[in-house]
Amino acid sequence: MRWKLKVPYEGVDQTLTGSGPIIANGVLYLSIASMMHGYSDVSAFDASSGKVLWRHRVEGTGIVIRQDVTSDMTAGLVLQAATPEILYGTTYTGTITTARVTLIALNATNGQELWHQSRPSSATPEYGYSQVVCCV
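Residues numbered from 1 in each chain as written. Predicted model: local features only at pLDDT ≥ 70, side-chain atom pairs only at ≥ 80, totals over all residues. Heavy atoms only, no water.

Student: Sorry, what's going on with the packing of aromatic side chains here?
Tutor: Both the distance between ring centres and the angle between the ring planes are used here to describe each pair of aromatic rings. Applying the stated rule across the entire model yields three aromatic pairs. Ring geometry for Y29 versus W54: centroids 6.1 Å apart, planes at 45°, classification tilted. Of the two residues, Y29 sits in strand β3 (residues 27-34) while W54 sits in strand β5 (residues 52-59), which places them 25 residues apart along the sequence. An identical accessibility class is assigned to Y29 and W54; each is buried. (Phe/Tyr/Trp six-rings, centres within 6.5 Å; stacked < 30°, edge-to-face > 60°. Helix = DSSP H or I, 4+ residues; strand = E, 2+ residues; numbered from the N terminus. Buried < 20%, exposed > 50% of the residue type's maximum accessible area, 1.4 Å probe, protein only.)

Student: I'm lost on the sheet that holds strand β7 (residues 86-93) in this one. Help?
Tutor: What links the strands of a sheet is backbone hydrogen bonding, and the strands pair in either a parallel or an antiparallel sense. Taken in spatial order, the four strands of this open sheet run β6-β7-β8-β9, and their pairing is antiparallel. In the strand order of this sheet, the two ends are held by β6 (78-82) and β9 (113-120), each with one partner. Between one strand axis and the next, the sheet turns through 20° on average, direction left out of account. Where β7 meets strand β8 (residues 100-107), eight bridges bridge the pair, whose relative direction is antiparallel. Residue pairing across strands places I86 opposite N107, the latter belonging to β8. (Pairing = 2+ DSSP bridges. Axes fitted to C-alpha atoms, helices over the stretch in contact; angles between N-to-C directions.)

Student: What should I look at first to understand the pattern of salt bridges in this one?
Tutor: Close approach of charged atoms allows side chains of opposite charge to pair. Throughout the structure, instances matching the rule amount to one salt bridge. D41 serves as the salt-bridge partner of R57, at 2.8 Å between the closest nitrogen and oxygen. One end of the pair, R57, is in strand β5; the other, D41, is in strand β4 (residues 39-46), with 16 residues separating them in the sequence. For R57, a relative accessible area of 35% gives the class partly exposed. (Salt bridge = Lys/Arg side-chain N within 4 Å of Asp/Glu carboxyl O.)

Printed below as a string of structure tokens:
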């Protein structure tokens, strides 16, 4: 084993997203969701050394634990794919009857959001699985 990582949870409401980490172009990307506060912390690590390259918080990625309020369908930015320039992820928000899927593109070198596109979704996501996104 070259290196290991203690996942930097800040509270009991945080969890790894359903896709787990992805490795692309020598970089390991990891997304940790806050289920109560509606954000995901995305981190990039050098896959060979484990050195942290960057961390970035993405707001608005869903809330599933709330008292007296209907929850979003899922929580967290699910990482899908990466090119040397762009890291892609999706998140589902809204209820079963008003679902929205959002595709988010982050700069792969610093984590800054490049763009996002949100659309109504007629599909119901299955917990523990992620939507497939093709990158060209």
